[in-house]
Amino acid sequence: MRQALGRLAALAACVFAATAQAQDPAQAYPTKTIRIVVGFPPGGATDTLARMAAARLQEHWSQPVVVENRAGAAGNIAHEAVAKAAGDGYTLLFTSTPLTINPSLYKSVGYDPIRDFAPVTMLATVPSLLLVPANSPSATFEQFLAATRAAPGKMNYASAGSGTPQHLAMELLKSMAGLDVVHVPYKGGAAAITVLLAAQSDSMFAAFPEAVPYIKGGRLRALAISSKKRSPLMPTVRTIDESGVAGFEVVGWQGLLAPAAVPKSIVDKLHGVILEDMQRPEVKARFDTMGLDFSGAGPDEFRAFLRGEVGKWAKVVAQSGAKVD
């Protein structure tokens, strides 16, 4: 009798465990390799952060976490692939600002940045700097505004290409500050900076990590920063918002997303592990050296941010007439 009761109890426990697991798939997750897809080549900030996140997840769970670079079409290839992936949490996307710009820039991208993804964590944000050549007569942002307004259509700015975040940042500034500046796109940020270094262009926006070495070397001058707060790495560089263009804010971002069908419990589990591990002092120190601001925004806050970004960039693209090169 006791043996029969014992077997019944064990069976009931198994049934209960199986039922609980079916109700909450995050209990057993992960049980196999997790793949994080990155839509950009190795070596850039997005790829670097993706590999940091992958290493933390692998260390925490002792399950393989691999990064797969699927570059092309400004991230669209990777975005579409993950949007259509199984909703089991084993295929994730690590991406950045183009996710929210591309749907307004391309005729068809094969995904919806809000409907097709479950935001997990926004790891970092990164501001841009408004740059001019070191010998520019504009020593301040106010002087830049005055000079530009005094010569409508005669000054130009360089960018890494049409539809890039830094191109659209200047277009937003143009619309908010009433500027008439001619856009000259180049094939990549390095090419645009080379032109600015030679004083063959009047200005440009560049991502903070990309610009800092040239500023510290005295080869370029930073007039303002695009975020709502100053950077502790360059505390004397004022924000555009505080310099006379109220409400201006442009920040790049990097974050982890899952296909929309991934259960919320798995999304929350991923966010919890990343948030805990990424707040280690040594990790935050690496963010600082890269010129990135740690965010840690969770699923709800990240989704609200993405909605705002999609709407903002749709307006800027429409107003500027930006087209893909």
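This write-up is about the structure you can find in this document. (Residues numbered from 1 in each chain as written. Predicted model: local features only at pLDDT ≥ 70, side-chain atom pairs only at ≥ 80, totals over all residues. Heavy atoms only, no water.)

### Re helix H6 (residues 165–177)
Look at H6: 18 Å from first C-alpha to last across 13 residues, which is about the 18 Å you get at 1.5 Å a residue. Within H6, the full set of buried residues consists of Gln166, His167, Leu168, Ala169, Met170, Glu171, Leu172, Leu173, Lys174 and Ala177. Among the residues trailing H6, glycine 178 stands out with phi positive, at a value near 70°. (Helix = DSSP H or I, 4+ residues; strand = E, 2+ residues; numbered from the N terminus. Expected span 1.5 Å × (residues − 1). Buried < 20%, exposed > 50% of the residue type's maximum accessible area, 1.4 Å probe, protein only.)

### Quick word on the side chain of threonine 100
Structurally, threonine 100 is set in helix H4 (residues 98–105). For threonine 100, a relative accessible area of 1% corresponds to the buried category. Separated by 2.9 Å, the side chain of threonine 100 and the backbone oxygen of threonine 97 make a polar contact. Residues in contact with threonine 100, not counting those within four places in the same chain, are Trp253, Leu306, Glu309, Val310 and Trp313. (Polar contact = N/O pair within 3.5 Å; in protein donor to acceptor, adjacent residues only side chain to side chain. Contact = heavy atoms within 4.5 Å.)

### Observations regarding unusual backbone geometry
Geometrically, the link from tyrosine 29 to proline 30 is a cis peptide bond, its omega value of -5° lying close to zero. Here proline 30 is to be found in the loop between helix H1 (2–23) and strand S1 (34–38). Residue serine 62 is not a glycine yet carries a positive backbone phi of 55°. The exposure class assigned to serine 62 is exposed, which follows from its relative accessible area of 63%. Positioned with a positive phi, alanine 199 is a non-glycine residue whose angle comes to about 60°. Turning to its location among the elements, alanine 199 is positioned in the loop between helix H7 (189–197) and strand S7 (203–207). Owing to a relative accessible area of 39%, alanine 199 belongs among the partly exposed residues under this scheme.

### Some words on helix H3 (residues 76–83)
Listing the buried residues of H3 in full gives Asn76, Ala78, His79, Val82 and Ala83. For H3, the arc enclosing every buried residue in end-on projection is 165°, short of the 170-degree limit, so these residues lie on one face. (Arc of directions from axis to C-beta.)

### Remarks on the pairing of strand S6 (residues 182–185)
Pairing analysis gives four bridges linking strand S5 (residues 156–159) to S6, with the strands arranged parallel. Across the sheet, tyrosine 157 pairs through a bridge with histidine 183, a residue of S6. This β-α-β element, S5 to H6 to S6, shows right-handed connectivity. (Pairing = 2+ DSSP bridges. Right-handed = clockwise from strand over helix to strand, strands pointing away.)

### Concerning the pairing of strand S2 (residues 65–69)
When S1 meets S2, the two strands line up parallel, connected through five bridges. Looking at the pairing, isoleucine 34 lines up with valine 65 of S2. Between the parallel pair S1 and S2, the chain is carried across by helix H2 (residues 45–61), and the sense of this crossover is right-handed.

### Comments concerning the environment of leucine 196
Mapped onto the elements of the fold, leucine 196 is located in helix H7. For leucine 196, a relative accessible area of 0% translates into the label buried. Not counting the four nearest positions on each side in its chain, leucine 196 is found in contact with Leu131, Val132, Pro133, Ser201, Asp202, Ser203, Met204 and Leu220.

### A look at the pattern of salt bridges
In this structure the tally under the stated criterion is 14 salt bridges. Arginine 115 is the salt-bridge partner of aspartate 116, the closest N and O atoms lying 3.2 Å from each other. A residue is classified by how much of its surface remains accessible, and aspartate 116, at 17% relative accessible area, is buried. By relative accessible area, arginine 115 is classed as exposed at 60%. One salt bridge connects arginine 280 with aspartate 277, and the closest N-O pair in it is separated by 3.9 Å. (Salt bridge = Lys/Arg side-chain N within 4 Å of Asp/Glu carboxyl O.)

### What about the nonpolar core?
Residues Phe94, Leu129, Leu131 and Phe287 are the most contacted members of the largest nonpolar core, which totals 53 residues. Once residues lying within four places of it in the same chain are set aside, the contact partners of phenylalanine 94 are Ile36, Val37, Val38, Gly39, Thr46, Leu49, Ala50, Ala53, Leu123, Gln254, Gly255 and Leu256. Core analysis: the next-biggest nonpolar cluster, separate from the first, contains 28 residues, Ile101, Leu130, Leu223 and Trp313 among them. (Core = buried A, V, L, I, M, F, W, Y, C linked by side-chain atoms within 4.5 Å.)

### Considering the packing of aromatic side chains
Applying the stated rule across the entire model yields eight aromatic pairs. Positioned above the aromatic ring of tyrosine 90 is the side chain of lysine 32, whose terminal nitrogen or guanidinium carbon lies 4.8 Å from the ring centre. (Phe/Tyr/Trp six-rings, centres within 6.5 Å; stacked < 30°, edge-to-face > 60°. Lys NZ or Arg CZ within 6 Å of the ring centre and 35° of its normal.)

### Here we look at the packing of H2 against helix H10 (residues 281–290)
Across the interface, H2 lies against H10 with an axial gap of 12 Å and an inter-helix angle of 175°. The orientation of H2 with respect to H10, classified from their angle, is roughly antiparallel. In this structure, H2 contributes Thr48, Leu49, Met52 and Arg56 to the contact, and H10 contributes Glu282, Val283, Arg286, Phe287 and Met290. Its residues assigned to classes, the contact of H2 with H10 shows five nonpolar, one polar and three charged. (Axes fitted to C-alpha atoms, helices over the stretch in contact; angles between N-to-C directions. Parallel < 35°, antiparallel > 145°, perpendicular 65-115°, else oblique. Nonpolar A, V, L, I, M, F, W, Y, C, P; charged D, E, K, R; others polar.)

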